[in-house]
Amino acid sequence: MSDASSEAASLESGGAPLSGRVALVTGASRGIGQAIAIALAAQGADVAVNYANSEEGARATAAAVEAEGVRSMIVRCDVGAGSGPAKAMVDEVTQQLGAPAILVNNAGITRDNLVMRMSDEDWDAVVRTDLSGAFQITRACLRGMIRGRWGRVINIGSVVGSMGNPGQANYAAAKAGLAGFTRALAKEVGSRSITVNLIAPGFIETDITAALGEDVIAAVRQQIPLGRLGGTEDVAPLVAFLAGAGGAYITGQVIHVDGGMVPS
Ligand code: NAP
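Everything numeric in this text was worked out from a predicted model, so none of it was measured.

Novice: What exactly am I supposed to notice about the overall build of the protein chain here?
Specialist: Scanning the protein chain for helices and strands turns up ten helices and seven strands. Relative to the globule expectation of 18 Å for 264 residues, the C-alpha radius of gyration of the protein chain, 18 Å, shows essentially globular dimensions. The principal-axis extents of the C-alpha atoms in the protein chain amount to approximately 55 × 40 × 35 Å. Relative to its 264 residues, the protein chain shows a buried fraction of 48%. Contacts spanning at least 24 positions in sequence make up 74% of the contacts within the protein chain whose residues lie at least 6 apart. Per element, the accessible surface of the protein chain, about 12200 Å² overall, is 51% carbon and sulfur. Each charge class in the protein chain can be summarised by its mean position, and for the 20 positive and 25 negative side chains these summaries are 8 Å apart.

Structure follows, in structure tokens:
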């Protein structure tokens, strides 16, 4: 049975579309990741909630996930800490919930500065967290996806990876790198019914954008054809869609959710 027909059958029998699937969402203690975890749970997935520091936030996400009638767990791991911790996290999730078949590489940081003033540390921290971490966690999940003959890898990039932004060369490079990683991996694993896509949000109201001043926000709003910043609710439903039957034939894509900032 194809992906689409098996999930249609699940719906017909009263099951939720992602029922029986395990999802791992990195950086799900707040912001976009928290909304994604809850959106996947609403479709029936069991969700592992990764965080680095905000245990309280992670617990709140897990409680909201469980309120959807599915299982959850929190798992602390700095996604930029290397392949050992990445593998340990995936093993822990596999033991408690089952092998993650849906991976959302959402955790990300910024360390802004102009290139002339940017330290090696700030360059490395962003590339390690936003790009290398996604690679290492994805690699750790692939064996289980291949064994299960089904997988969804959804990377969270940024509009900045496509259009650049002064003061964010490290972040733009990491997010553009994530887009290249997405396209290459999609070609490697497509024959295993594993799709790999990247969602590139524009300016979304979270802690990251709260750090920008009012004048910066006003200038940004001018560049958005829809005339407003996005909310986490503008991003999370697309993740749920790509993870579900509707996303079965979409792979290797960079999808902008940015109010029209970057024309495709
Ligand atoms: P946020 O509100 O700052 O939340 C960041 C999340 O990532 C938190 O859950 C944080 O966990 C986690 N995190 C940070 N470093 C981590 C690490 N080393 N290991 C594990 N988790 C880590 O950010 P957001 O706005 O929701 O952004 C989420 C993603 O969307 C990021 O990849 C970001 O680049 C991307 N994005 C955001 C926007 C925007 O306008 N907001 C636009 C484009 C792209 P702790 O709380 O435990 O530290």
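Once you've had a look at it, read on.
Novice: Just to check I follow, could you spell out the packing of aromatic side chains for this structure?
Specialist: Aromatic ring pairs are defined here through the distance separating the ring centres and the angle between the ring planes. A complete count under the given rule lists one aromatic pair for this structure. Sitting over the face of the ring of W150, R21 holds its NZ or CZ atom 3.6 Å from the ring centroid.

Novice: Hey, could you run me through the pattern of salt bridges in this one?
Specialist: Close approach of charged atoms allows side chains of opposite charge to pair. Overall, the coordinates contain five salt bridges when judged by the stated rule. The partner of R30 in a salt bridge is D207, and the shortest N-O contact between them spans 2.9 Å. Separated by 177 residues along the polypeptide, R30 in the loop between β1 (22-25) and α2 (31-42) and D207 in helix α8 (residues 207-210) bring together distant segments of the chain. Using a relative accessible area of 44% as the deciding quantity, one classes R30 as partly exposed. Judged by relative accessible area, D207 falls into the partly exposed class, the value being 48%. With a shortest N-O distance of 3.0 Å, R228 and D234 are connected by a salt bridge. Judged by relative accessible area, which is 42%, R228 ranks as partly exposed. For D234, a relative accessible area of 29% corresponds to the partly exposed category.

Novice: What exactly am I supposed to notice about the pairing of β1 here?
Specialist: If a strand is regular, its side chains alternate between the two faces of the sheet. Of the two faces of β1, the one carrying V22 and L24 and the one carrying A23 and V25 are both buried. Crossover handedness for the path β1 to α2 to strand β2 (residues 46-51): right-handed. With three bridges joining them, β1 and strand β4 (residues 102-105) adopt parallel strand pairing. By the bridge assignment, A23 is partnered in β4 with I102.

Novice: Is there a simple way to explain the environment of A248 in this structure?
Specialist: By secondary structure assignment, the location of A248 is in the loop between α10 (236-243) and β7 (254-257). On the basis of relative accessible area, A248 is assigned to the partly exposed category, the value being 25%. On a C-alpha basis, the gap between A248 and R152 in space is 8.9 Å, while along the polypeptide they are 96 residues apart.

Basis of the calculations
Residues numbered from 1 in each chain as written. Predicted model: local features only at pLDDT ≥ 70, side-chain atom pairs only at ≥ 80, totals over all residues. Heavy atoms only, no water. Helix = DSSP H or I, 4+ residues; strand = E, 2+ residues; numbered from the N terminus. Rg over C-alpha atoms; globule rule 2.2 N^0.38 Å. Buried < 20%, exposed > 50% of the residue type's maximum accessible area, 1.4 Å probe, protein only. Contact = heavy atoms within 4.5 Å. Areas by Shrake-Rupley, 256 points an atom, 1.4 Å probe, with all protein chains shown as cover. Lys, Arg positive; Asp, Glu negative; His and termini not counted. Charge placed at Lys NZ, Arg CZ, Asp CG, Glu CD. Phe/Tyr/Trp six-rings, centres within 6.5 Å; stacked < 30°, edge-to-face > 60°. Lys NZ or Arg CZ within 6 Å of the ring centre and 35° of its normal. Salt bridge = Lys/Arg side-chain N within 4 Å of Asp/Glu carboxyl O. Right-handed = clockwise from strand over helix to strand, strands pointing away. Pairing = 2+ DSSP bridges.

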